[in-house]
Amino acid sequence: MSTFSEVARNAFDLVAGAQPQFLAIVGRSLAVSASACAIGCTLGCLAGAWLGVARFAGRGIVLAVLHTLLAIPSVLVGLLVYLLLSRSGPLGALGWLFSFKAMVLAQSMLVLPVAAALTRQLVDDAEQAHGEQLASLGARPWLRGLLLTWDERYAMLTVLIACFGRAISEVGAVMIVGGNIDGFTRVMTTAIALETSKGDLPLAVALGMVLLAIVLALNALVAGLRRWRLAHAELPSALRGAQV
C-alpha cells in the first residue's frame, strides 16, 4: 500500500510540476491525435454520409468490410504504414518514417473507419425518417447525406469524441512508425509503455492521469453541449405555449 501511495503522490507532483519534458509529451500527443482526427473524420464522415443514403449493388459487402475495419489491430495498421513508408515501399521517397507525419497517417487510418461506420449509422437512421421528404424536393444522394449529417450535428460530436479516443489511446501503430524517439515522436501512450518497462511508475501514472483527464473533459464538453441544445429546443415551445 505504501508503494502505491508513494507512486500516486509522485505522479501528482509530476502533473502539478508541469516540467517542460512532460508538457512536450502531452502536447505532441494532442497534436498528433487532433491532426489525425481532422483528416480521418473529414474523410470518414463524408464516406459515411454517402453510404448512409446510397443504395447500390454490393453495399452489404462494403458495409461488412467497413465493420471489419473497426476491429483491425493497431499494430497491423502500423505494419502496413511502415511497409508503405519504408525505403523500399511505394511512399519511401517521402521520408516520413519515424516522424510526426507517419504517426498522423497511422492514426488517421485507424480513425477513418470509426468515423465512417458511426456516421453511416446516424445518417441511415435519419434517412429512414426524413430521406423521402428530401428526395421529393429533388435532393440527390450526396446532398441528402450532407443535409442529414448536418441535421445530426450534435450526435456527430459523439462520433468525434469516439474517434479522438481511438486516436489518442493508440500505442501499437505509433510505436512502429514513430519509433518512440525522445523529443521527436514520443507520445503519452508510448511513453507510458516505455516508462512502465523501465520501472518509472510515477511518470507512467502521471501521463495516464492526464490522458484520462483529457477524455473526461471532452465528454463533459459534449454533455454540456447536449444540455444547451435541449434547453434551447425547449425554449421556443415554452414561449409558444405562453402565447397561446
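Read on for an overview of the structure. (Residues numbered from 1 in each chain as written. Predicted model: local features only at pLDDT ≥ 70, side-chain atom pairs only at ≥ 80, totals over all residues. Heavy atoms only, no water.)

### Section: the overall build of the protein chain
Stated formally: Labels follow the DSSP assignment, with helices taken as runs of H or I lasting at least four residues and strands as runs of E lasting at least two, numbered in each case from the N terminus. Each residue is assigned to one of three classes by its accessible area relative to the maximum for its type, calculated with a 1.4 Å probe on protein chains only: buried under 20%, partly exposed between the two thresholds, exposed over 50%. A contact between two residues is defined here by any heavy atoms of the two lying within 4.5 Å. The Shrake-Rupley method, run with a 1.4 Å probe sphere, supplies the accessible areas, and residue values consider only the shown protein chains as cover. Charged residues are defined narrowly, with Lys and Arg counted positive, Asp and Glu counted negative, and His plus the chain ends left uncounted. By convention, charge coordinates are those of NZ in Lys, CZ in Arg, CG in Asp, or CD in Glu.
Secondary structure summary: the protein chain contains 10 helices and zero strands in total. The secondary structure elements of the protein chain, listed N-terminal to C-terminal, are α-α-α-α-α-α-α-α-α-α. Dimensions along the principal axes, computed over C-alpha positions, put the protein chain at roughly 65 × 55 × 30 Å. Each of the 244 residues in the protein chain was classed as buried or not, and the buried ones make up 38%. Taking the intrachain contacts of the protein chain between residues at least 6 apart in sequence as the baseline, contacts between residues at least 24 apart amount to 74%. Only carbon and sulfur atoms are counted for the fraction: they give 69% of the accessible area of the protein chain, which is about 13,500 Å². Positive and negative side-chain charges of the protein chain, numbering 17 and 13 respectively, have mean locations separated by a distance of 6 Å.

### Thoughts on the nonpolar core
This is how it is decided: What makes a nonpolar core is a set of buried Ala, Val, Leu, Ile, Met, Phe, Trp, Tyr and Cys residues whose side-chain atoms join them at distances within 4.5 Å.
Counting 24 residues, the largest nonpolar core has F22, C37, C41, C163, M188 and L207 as its most contacted members. Going through the elements one at a time, α2 (20-53), α5 (100-136), α7 (153-168), α9 (188-198) and α10 (201-243) are the ones with two or more residues in this core. Discounting residues that sit within four places of it in the chain, L207 has contacts with F22, I25, V26, M188, A191 and I192. Within the second largest apolar cluster, 15 residues are counted, among which are V32, A173, V174 and V187.

### As for a nonpolar patch on the surface
Rule in force here: For patch detection, residues must exceed 30% relative accessible area and be free of salt bridges, and they are connected within 9 Å for like charges or within 5 Å for nonpolar side chains (Val, Leu, Ile, Met, Phe, Trp, Tyr). Salt bridge, as used here, is a side-chain nitrogen of Lys or Arg placed within 4 Å of a carboxyl oxygen of Asp or Glu.
There is a patch of nonpolar side chains on the surface, built from V75, L76, L79, Y82, L83, F98, I181 and F184 and spanning about 750 Å² of accessible area. Relative to the elements of secondary structure, F184 occurs in the loop between α8 (172-178) and α9.

### Side note on α7
Heads up, the condition is: Take the residue count of a helix, subtract one, and multiply by 1.5 Å to get its expected span.
With 16 residues, α7 extends 22 Å between its outermost C-alpha atoms, agreeing within 8% with the 22 Å of an ideal straight helix rising 1.5 Å per residue. Within α7, burial applies to Y154, M156, V159, I161, C163, F164, A167 and I168.

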